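Inside the fold
Spelled out from the first residue to the last, the chains are:
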Amino acid sequence: MPVEGYIVDVDKAVGHKFTPSQVTCNRRDFILYALAVGVHENETKYLYELDPNFGPLPTYPLVLPLKGNDHDVNLFKERSQGESIPGMPPFDPNKIVHGEQSMEIFKPFPTSGGDFDLHKTCLGVYDKGSGMVIENAVDLYGKDGTHYSRMISKTFVRGYGGWNGPKGPKATSYPPPKRAPDAIETFKTATNQALLYRLSGDYNPLHADVELAPKVGFKAPILHGLCTYGITAHAILKHLANNDSNRFRSIEARFASPVFPGETIEIYMWKVDHKDPGVQGVIFAVKVKERDVVVINNGYATLHKSPFKL
């Protein structure tokens, strides 16, 4: 049921620029993230700091907005809501579900980490009836002003719709081609996958608290959507980009259903043409094998056909 009396002043909310925040990371963080998204022990370029090709997976920066600038655990409620959006009343953070995520890379991330600035902007607030969608863009900059990436998230807040707000623009559709996939990756998640992934900075209790999960509609703690997302991006790199992280250009997808730790995910990938002859398009979809349920859909990634020039 929608929360009675909840109304958003969209004119005040949309376009709001948050106070820039500082984030920090190091090589240990890169390694922990790689382990959390299932990188195999023979891929030392992501796991061993003395490997001559060592560096982070390209999707690592996605954890930084919640990780912040320290290395201790933090309170998800504070990090997820943080600075309030003008015109938007408070809402229950336990009702938050990650709806969609995109990432565009402008320059490969520094291999040693460092201190960076996040510039966050509210792009939209949409009324979906059963809840609302908050669309935010986060731009990642180095201290020297280098623009490394832009990350756009759409967060669905269950129960906070029905206030006659805008429905939002129609999304671009990426239907899978009607042919066999060019590559398929099967990944068995561990029963402690969410407990490992949360150490990268997303401490949402929904992924760890066995008592909370049923109260918010899940039979058990679920796997982070961005963990499945990271596993998927890694699979695309391995199968279609020779596991060269510098060839990764962009990725976007919708989270359709949760994954429970211990389940097996299947990642289907199709190569498609891109308007730029130097870029390879990839449509992808992810499903849970045991339940035959699609968990990520409308997936689209782009890869440089040749290594990105630094």
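This text goes with the structure placed above it.
Our subject in this report is the structure included herewith.

**Description of the nonpolar core**
Grouped together as the largest cluster of nonpolar side chains are 57 residues, with contacts concentrated most on F109, L140, M269 and F284. Considering every element that reaches this core, the biggest residue donor is helix α8 (residues 225–240), with 9 residues. Dropping the residues within four chain positions of it, F284 is found in contact with T232, I236, I251, E252, A253, Y268, M269, W270, I296, G299, Y300 and A301. By size, the runner-up hydrophobic cluster in this structure holds 16 residues, among which are V10, I85, V125 and W163.

**Looking at the pattern of salt bridges**
Tallied over the full model, the rule gives 9 salt bridges. The closest approach of N and O atoms between K238 and E185, which form a salt bridge, is 3.0 Å. With K238 in helix α8 and E185 in strand β6 (residues 183–188), the pair connects residues that are 53 residues apart, well separated along the chain. Its relative accessible area of 25% is what places K238 among the partly exposed residues. We classify E185 as buried; its relative accessible area is 12%. Here R291 makes a salt bridge to E263, at a shortest N to O gap of 2.6 Å. Of the two residues, R291 sits in the loop between β9 (279–288) and β10 (293–304) while E263 sits in the loop between β7 (248–255) and β8 (264–272), which places them 28 residues apart along the sequence. Salt bridges linked by common partners bring E100, K154 and R254 together as one network.

**Observations concerning the environment of R291**
On the accessibility criterion, R291 (32% relative accessible area) is partly exposed. In the structure, R291 is positioned 22 residues away from M269 in sequence and 20 Å away in space, judged by C-alpha atoms. For R291, the residues in contact, after removing those within four places along its chain, are S257, P258, V259, F260 and E263. A distance of 3.0 Å separates a polar atom in the side chain of R291 from the backbone oxygen of P258. Here the side chain of R291 touches E263 through a polar contact of 2.6 Å, side chain to side chain.

**A look at unusual backbone geometry**
The residue N164 is not glycine, and still its phi comes out positive at about 60°. Residue class for N164 comes out exposed when judged on its relative accessible area of 77%. Its identity as a non-glycine residue notwithstanding, N243 has a phi of 55°, on the positive side. Counting through the fold element by element, N243 comes out in the loop between α8 and β7. By relative accessible area, which is 14% here, N243 ends up buried.

**Overview of the sheet that holds β10**
One open sheet holds the 10 strands; their spatial order is β1-β3-β4-β5-β2-β7-β10-β9-β8-β6, and the pairing between them is antiparallel. For this open sheet the edge positions go to β1 (21–25) and β6, each flanked by a neighbour on one side alone. The average angle at which neighbouring strand axes cross in this sheet is 25°, direction not considered. With 5 bridges connecting them, strand β2 (residues 96–105) and β7 associate as antiparallel partners. Bridge pairing in β7 links Q101 to A253. Strands β2, β6, β7, β8, β9 and β10 of the sheet are contacted by α8, whose axis makes an angle of about 50° with β8.

Cut-offs and rules
- Residues numbered from 1 in each chain as written.
- Predicted model: local features only at pLDDT ≥ 70, side-chain atom pairs only at ≥ 80, totals over all residues.
- Heavy atoms only, no water.
- Core = buried A, V, L, I, M, F, W, Y, C linked by side-chain atoms within 4.5 Å.
- Buried < 20%, exposed > 50% of the residue type's maximum accessible area, 1.4 Å probe, protein only.
- Helix = DSSP H or I, 4+ residues; strand = E, 2+ residues; numbered from the N terminus.
- Contact = heavy atoms within 4.5 Å.
- Salt bridge = Lys/Arg side-chain N within 4 Å of Asp/Glu carboxyl O.
- Polar contact = N/O pair within 3.5 Å; in protein donor to acceptor, adjacent residues only side chain to side chain.
- Pairing = 2+ DSSP bridges.
- Axes fitted to C-alpha atoms, helices over the stretch in contact; angles between N-to-C directions.

No statement about biological role is implied by the geometric values presented.
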